[in-house]
Amino acid sequence: MQTSISLQGPFTYSVISLMIMILLVILITFYLIYSRKINVKSKIEEITVKEIPEKNIKNIPVIKSKYLKQLDSIEYRYVNNMIELRKAYQLISEQVRLFVFEITDITTQNYSLTEIKRLNIPTLYELIEEYYEPEFASKSIGDFESSISKARRVINEWN
């Protein structure tokens, strides 16, 4: 049986449009990777060491006294079994970070250990690093007396 209808060949995509789509996907991918690296670099560069503001220079002894009293309170609560070791380390870390914030206006209470290391304040970094394991380990183990005395020393020696 003969018909006058002819069948159409298989549907094919144009090679040029396929190449344009592949190129577009590659360009978008590179753009996203590049922009993400730029954002990460800019966030890292935002963390800079600030000078001690003039308004706080005359208040340093008062600020030191305030935070040393806070450490005394934490020690009292820990020694009398009012708080556990993990909580004691969390409170010490918080008070040291708040002390540095009040003195320098650097928001160390919001910084990770890596960000604190970039601040180039070695005594603060070493202290917070010591507190990390007892704060975040599944079972807190630490020498509380040594840790709180180091915190006191850092506060007392701060210029």
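Residues numbered from 1 in each chain as written. Predicted model: local features only at pLDDT ≥ 70, side-chain atom pairs only at ≥ 80, totals over all residues. Heavy atoms only, no water.

**Digging into the side chain of Arg152**
Within the secondary structure layout, Arg152 lies in helix H7 (residues 144-157). On the basis of relative accessible area, Arg152 is assigned to the buried category, the value being 19%. A distance of 2.8 Å separates a polar atom in the side chain of Arg152 from a polar atom in the side chain of Asp72. (Helix = DSSP H or I, 4+ residues; strand = E, 2+ residues; numbered from the N terminus. Buried < 20%, exposed > 50% of the residue type's maximum accessible area, 1.4 Å probe, protein only. Polar contact = N/O pair within 3.5 Å; in protein donor to acceptor, adjacent residues only side chain to side chain.)

**Observations regarding the pattern of salt bridges**
Following the criterion strictly, the structure yields five salt bridges and no others. The closest approach of N and O atoms between Glu75 and Arg152, which form a salt bridge, is 2.6 Å. Here the residue Glu75 occupies a position in helix H3 (residues 60-79), and Arg152 occupies one in helix H7, the gap between them amounting to 77 residues. Classification of Glu75 as buried rests on a relative accessible area of 18%. Salt-bridge contacts for Glu157 lead to Arg153; the nearest nitrogen and oxygen are separated by 3.9 Å. With Glu157 and Arg153 both in helix H7 and four residues apart, the pair spans about one turn of that helix. Each of the salt bridges in this network shares a partner with another, and the network as a whole consists of Asp72, Glu75 and Arg152. (Salt bridge = Lys/Arg side-chain N within 4 Å of Asp/Glu carboxyl O.)

**Things to note about the confidence of the model for the chain**
On average, residues of the chain score 82 in pLDDT, and 84% of them reach the 70 mark or higher. Within the chain, helix H2 (residues 54-57) has the poorest average pLDDT of any element, 52, and H3 the best, 91. (pLDDT = per-residue confidence, 0-100.)

**Some points on the packing of H3 against H7**
In contact at an axis separation of 10 Å, H3 and H7 are set at 175 degrees when each is read in the N-to-C sense. Accordingly, the angle class assigned to the pair H3 and H7 is roughly antiparallel. Taken together, the residues of H7 that come into contact with H3 (itself represented by Lys64, Tyr67, Leu68, Leu71, Asp72, Ile74, Glu75, Tyr78 and Val79) are Phe144, Glu145, Ile148, Ala151, Arg152, Ile155, Asn156 and Glu157. In the contact of H3 with H7, the residues fall into 10 nonpolar, one polar and six charged. (Axes fitted to C-alpha atoms, helices over the stretch in contact; angles between N-to-C directions. Parallel < 35°, antiparallel > 145°, perpendicular 65-115°, else oblique. Contact = heavy atoms within 4.5 Å. Nonpolar A, V, L, I, M, F, W, Y, C, P; charged D, E, K, R; others polar.)

**A short note on the nonpolar core**
Ranked by internal contacts, the top residues of the largest apolar core, which has 33 residues, are Leu71, Ile74, Ile92, Val96, Phe99 and Tyr131. For this core, the elements supplying multiple residues, two or more each, are H3, helix H4 (85-104), helix H5 (113-118), helix H6 (122-136) and H7. For this core, the element with the most residues is H4, which contributes nine residues. Apart from residues no more than four positions distant in its own chain, Phe99 is found in contact with Ile63, Lys64, Tyr67, Ile155 and Trp158. (Core = buried A, V, L, I, M, F, W, Y, C linked by side-chain atoms within 4.5 Å.)

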